[in-house]
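Chain residues, written in single-letter form:
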Amino acid sequence: MTSDKKMSAKAEQLTGAVKETVGRAVGNERMTAEGRAQRAKADMREAGHKTREAFRR
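These numbers come from a predicted model, not from an experiment. (Residues numbered from 1 in each chain as written. Predicted model: local features only at pLDDT ≥ 70, side-chain atom pairs only at ≥ 80, totals over all residues. Heavy atoms only, no water.)

S.K.: A description of helix α1 (residues 3-26) should follow, citing residues and the corresponding values.
M.R.: The terminal C-alpha atoms of α1 lie 35 Å apart, and with 24 residues this matches the ideal 34 Å at 1.5 Å per residue to within 8%. Taken together, the buried positions of α1 are occupied by Ala9, Glu12, Gln13, Gly16, Glu20 and Gly23. Looking at the buried positions of α1, the neighbouring elements they touch are α2 (29-56). (Helix = DSSP H or I, 4+ residues; strand = E, 2+ residues; numbered from the N terminus. Expected span 1.5 Å × (residues − 1). Buried < 20%, exposed > 50% of the residue type's maximum accessible area, 1.4 Å probe, protein only. Contact = heavy atoms within 4.5 Å.)

S.K.: Any details on the environment of Met44? Residues and values, ideally.
M.R.: Tracing the backbone shows Met44 in helix α2. When the C-alpha positions of Met44 and Lys6 are compared, they lie 12 Å apart, and in sequence the two are 38 residues distant.

S.K.: So, the packing of α1 against α2: which residues are in play, and what are the values?
M.R.: Contact geometry for α1 and α2: axes closest at 7 Å, N-to-C directions at 160°. Classified by the interaxial angle, the pair formed by α1 and α2 is roughly antiparallel. Crossing handedness for the pair α1 and α2: left-handed. Of the residues assigned to the contact of α1 with α2, the class counts are 5 nonpolar, 9 polar and 13 charged. (Axes fitted to C-alpha atoms, helices over the stretch in contact; angles between N-to-C directions. Parallel < 35°, antiparallel > 145°, perpendicular 65-115°, else oblique. Left-handed = near helix turned anticlockwise from the far one by under 90°. Nonpolar A, V, L, I, M, F, W, Y, C, P; charged D, E, K, R; others polar.)

This is the structure:
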């Protein structure tokens, strides 16, 4: 995974986690769900990149 893509995935994970936490704090279920989905999307993207790197070696 290139450095830029890794940073992008980590930033998206962080954004999702913050959005989820804020949603829980204010009681906004929609924001909580959006944050959880955003974090899961970033996790899947990172896992895909790691899998590709493993097969390249």
